[in-house]
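# Structure at a glance
What follows is the residue order along each chain.
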Amino acid sequence: MKFISEYRNPEVVEQYINEIHKITTQNWTIMEVCGGQTHSLVKNGILNILPSKITMVHGPGCPVCVTPLNLIDKAVYLALNKGVIMCTFGDMIRVPGSEKSLLEAKAFGADVRILYSPLEAVKIAQENPDKQVVFFAVGFETTAPANALSVLHAKRLGLNNYSILASHVLVPPAIEAVMNDDTARIQGFLAAGHVCTIMGISDYQPIVEKYQIPIVVTGFEPVDLLHGILMVVKQLENGEKKLENQYSRVVKPEGNPEAIKVINEVFETQDREWRGIGTIPMSGWEVKSTLTEFDANKKFAINIAKAPECAECIAGLVLKGIKKPYECSQFGKNCTPEKPLGAPMVSSEGACAAYFHYANVEAV
Amino acid sequence: MNITQMSCPMPQLDFEVITLGHGSGGILTNKLLESGVFDLLKNPLLDQKHDGAIFRLDGQLAFSTDSYVISPIFFPNSNIGELAINGTVNDLSMCGAIPKYLSLSFIIEEGLTMKEFWEILVAIKFTAEKAGVQIVTGDTKVVERGKGDKIFINTSGIGVIHPKANINIKNVKTGDKIIISGHIATHGIAIMSVREGLEFETSIESDTQHLNFVIKELLDEFGNNIHLLRDPTRGGVATVLNEIARDAKLGCDIIQSQIPVLEEVEGACELLGLDPLYVANEGVFMAIVAAEVADNILKKLKSIPNFEHSACIGEVVAEHPKQVVLKSKIGGKRVVNMLVGEQLPRIC
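Source: prediction; values computed, not measured. (Residues numbered from 1 in each chain as written. Chains lettered and ligands numbered in written order. Predicted model: local features only at pLDDT ≥ 70, side-chain atom pairs only at ≥ 80, totals over all residues. Heavy atoms only, no water.)

## Quick word on the sheet that holds strand β8 (residues 215-218) of chain A
All names here are of chain A. Note the threshold: Strand pairing is assigned whenever DSSP identifies at least 2 bridges connecting the two strands. Secondary structure elements follow DSSP: runs of H or I of four or more residues count as helices, runs of E of two or more count as strands, with numbering from the N terminus. The axes are straight lines fitted to the C-alpha atoms, using for helices just the contacting stretch, and the angles between their N-to-C directions are given from 0 to 180°. Any two residues whose heavy atoms approach within 4.5 Å are treated as being in contact.
One open sheet accounts for five strands, arranged β2-β1-β7-β8-β9; its pairing is parallel. This sheet does not close on itself; its edge strands, each paired only once, are β2 (54-61) and β9 (243-245). Neighbouring strand axes in the sheet, compared pairwise and without regard to direction, differ in orientation by 25° on average. Pairing of β8 with β9 involves three bridges; the strand directions are parallel. Bridge pairing in β9 places I215 opposite L243. Running over the sheet, helix α2 (residues 35-43) touches β1 (28-34), β2, β7 (188-192) and β8 and is turned about 120° from β1.

Here's what the structure looks like:
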């Protein structure tokens, strides 16, 4: 498969692995921010071919995992009690709410639909003028343009039955939160390539300077990841602290100006609660106050008490990279993808799911 | 010629749409069945029009049943009718049986057009003929609109066990080779490409086909050296391998680079966030065979049309019992687990 196979080429992988082994002289702890990267590392068995001196710590870059419990409860409530057509990406559907997941709500008669694009939800709104249609707009910067576009599109069409339940989180504040946490001793970052495709890389320079830490914008294929790791290790071994772009075939320094424009038209930056982590200042996007009719949170008076998190689940520690999934006493026992205690066990980007599904033979 | 290109003229009827009355068992039911269903599928046993078929079969028998609830009911290269016949024919074949007789039951949702129903019936007729099986008994029910999904089909089948066959999980042993008979994941992706809300342009077509003739040829020649046969339908290759590992209490090692996947299917899987190992197949089987005959079986398979892409994808091992381990293309190793629920499309 062109454009993919070359980034999974075993010979190139071997070259990078050899080079990483050659230059690594000290112990280094590197965080890959994005859950997609975590899955690729585990799925391709990369963790067990890296030098033992290198510890990869899995970051908070799983939008499904950090979506607040209360918001999932709201989505379930809207779908079950308000008769809305609840549209969502597939990842969200199995995430446990305090009482039900969306999948369970569906079994109880809620109209929950899995879509690949929020524009499909706008189409559903057009086709069902007598129904309210809500898109559960979850994601990092990567999915924001499409979600924003759906709002603009619905506005253009004059639809009054479409809104989004937004849970948009941002990567740079999350990296800062990780760095501000004394327990997480991260020495270098692989930043999420696709997020930077949208936003560009300039937001990361101040972080490099403030925390004196290497950041390499990295892709998702095995060759990308190993190249990114090599670039970070090289910097660490040479005592450098730079922002570098491994994923330049996709990431332009300025990002995608059109996409940024659409985002700015619909969203504004606000403090945001991250499930398992807490509130991070200016770390999320909410629908602008001028567009409240498209903001499901404001449109429907939903007042649901905040339910307590599952006491046994250590998702927060996993998301901050302090604990590995298999260090959790519930992992694979009381917490499995069929019966998850926390979101990282069900999301396709969740670290617990990655270990559960693909963990290398030695680790199980 | 594939099944969708075959046709039989539809009889002149005074109704276009199937209604509740057609399932009442009364005049309308008779009208529906006499309109052509019986004619289309005719054979001496069905023609008895009795409550059940009465026949004699000698030897050890296999008996299997399956229900077909696919959406959409028409998809690239095929439809639910062909699937319903091939599915049960293949389940019997995987038992080491030569499929003989099938039952055929419809649960139709009110509102299905007679044209759609006819198209499905025609596919059933030709598929059964191609596979050399007879439909000898059946049933038709109609449910209210909203209580079904256009049409559900159940088929059950009886086959006679091949005299040389000895298919049993207990025969699977360390060192056995794992053979797959063709490209995997093709059927599932063909269905995805036409599913509502997900339509994408592709030339990928369902691979549904009956496997009974090829299985008979293999059993004729290799007999009890074929230890186990499975068709990796729902849950895909990964699920079947996990079941084999679990039931045999042995490990399965598979090599990613050996697993045949069409390039366009692999591309679609990448885009949709699916793992081809978990995607459904309909015209593919897996054989666990004695190591010493594996090469010959593969050679034989590759010489049969539609099975040219068969491959040996791994072997049964004593290590990591009850686990399937995949050697990735880049040389890493990982566990391949059983599928949990449905594979879900991902966010980004």
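Don't stop here, the text continues.
## Things to note about the side chain of S156 of chain B
Residue and element names in this part refer to chain B. The condition is simple: For this analysis, a polar contact is any N or O atom pair within 3.5 Å, provided that within protein one partner can donate a hydrogen and the other can accept it, and provided that sequence-adjacent residues contribute only side-chain to side-chain pairs.
Mapping S156 onto the fold places it in strand β6 (residues 151-161). A distance of 2.8 Å separates the side chain of S156 from the side chain of T65, its partner in a polar contact. If sequence neighbours within four positions are ignored, S156 has contacts with F63, S64, T65, T88, Y101, L102 and S103.

## Side note on the packing of aromatic side chains
All names here are of chain A. Note the following rule: Each pair of aromatic rings taken from Phe, Tyr and Trp, with Trp reduced to its six-membered ring, is defined by centres within 6.5 Å and is described as stacked if the planes are under 30 degrees apart, edge-to-face if over 60, and tilted in the remaining cases. Only protein chains enter the area calculation, which uses a 1.4 Å probe; residues under 20% of their type maximum are buried, those over 50% are exposed, and those in between are partly exposed. Note on criteria: charge over ring means Lys NZ or Arg CZ within 6 Å of the ring centre, with the direction from the centre no more than 35 degrees off the ring normal.
Under the defined criterion, the tally for this structure stands at nine aromatic pairs over all chains. For the ring pair F220 and Y247, a centre distance of 6.1 Å and an interplane angle of 70° mean the geometry is edge-to-face. Within this pair, whereas F220 is found in the loop between β8 and α11 (222-238), its partner Y247 is found in the loop between β9 and α12 (257-266), the two being separated by 27 residues in sequence. Note on Y247: relative accessible area 6%, which makes it buried. Its end group placed over the ring of F108, K100 keeps NZ or CZ at 4.6 Å from the ring centre.

## Describing the packing of helix α7 (residues 144-156) of chain A against α12 of chain A
Residue and element names in this part refer to chain A. What counts here: Any angle from 65 to 115 degrees is called roughly perpendicular, while one under 35 is roughly parallel, one over 145 is roughly antiparallel, and all others are oblique. By convention, the crossing between two helices is left-handed when the near helix turns anticlockwise from the far helix through less than a right angle, and right-handed when the turn is clockwise. Here the term charged refers only to Asp, Glu, Lys and Arg, the term nonpolar to Ala, Val, Leu, Ile, Met, Phe, Trp, Tyr, Cys and Pro, and the term polar to all other amino acids, Gly among them.
The geometry of α7 relative to α12 is characterised by a closest axis approach of 8 Å and an angle of 55° between their N-to-C directions. When the axes of α7 and α12 are compared, the pair comes out oblique. The two elements α7 and α12 cross, and the hand of that crossing is left-handed. Within the contact between the two elements, α7 uses A144, P145, A148, L149, V151 and L152 and α12 uses A259, V262, I263, E265 and V266. Among the residues forming the contact of α7 with α12, the class breakdown is ten nonpolar, no polar and one charged.

## What to know about the sheet that holds strand β5 (residues 134-143) of chain B
Residues and elements named next belong to chain B. If you trace the four strands from one edge of the open sheet to the other, you get β1-β6-β4-β5, paired in mixed fashion. Of all the strands in the sheet, the pair left with one neighbour each is β1 (61-68) and β5. When strand polarity is set aside, the average angle formed by the axes of neighbouring strands in this sheet is 15°. By the bridge criterion, nine bridges tie strand β4 (residues 97-109) to β5 in an arrangement that is parallel. The residue of β5 that forms the bridge with I108 is V142.

## Brief notes about the pairing of strand β6 (residues 162-169) of chain A
Every other side chain in a regular strand lies on the same face of the sheet, so the side chains alternate between the two faces. All names here are of chain A. Definition in use: Seen with its strands pointing away from the viewer, a crossover is right-handed when the path leading from the first strand over the helix to the second is clockwise.
With respect to burial, β6 is a largely interior element, eight of its eight residues being buried. Summarising the sheet, strand β5 (residues 133-139) and β6 pair through seven bridges and their orientation is parallel. Residue pairing across strands places F135 opposite I164, the latter belonging to β6. Between β5 and its parallel partner β6, the chain crosses via α7, and the hand of that crossover is right-handed.

## Details of the domain arrangement of chain B
Residue and element names in this part refer to chain B. Here is the rule we go by: What counts as a domain boundary in this text is fixed by an automatic or database domain assignment. By buried area we mean how much accessible surface two parts lose on assembly, using a 1.4 Å probe and totalling the loss over both.
Examined at the domain level, chain B breaks down into domain 1 (3-161) and domain 2 (169-336). Each of domain 1 and domain 2 has a C-alpha centre, and the two are 28 Å apart. Domain 1 puts 22 residues into the contact, and the matching count from domain 2 is 23 residues. When domain 1 packs against domain 2, the two sides together hide about 1800 Å² of surface, and 62% of this comes from carbon and sulfur. Across the domain 1-domain 2 interface, the total number found is eight residue pairs in polar contact (both at pLDDT 80 or more).

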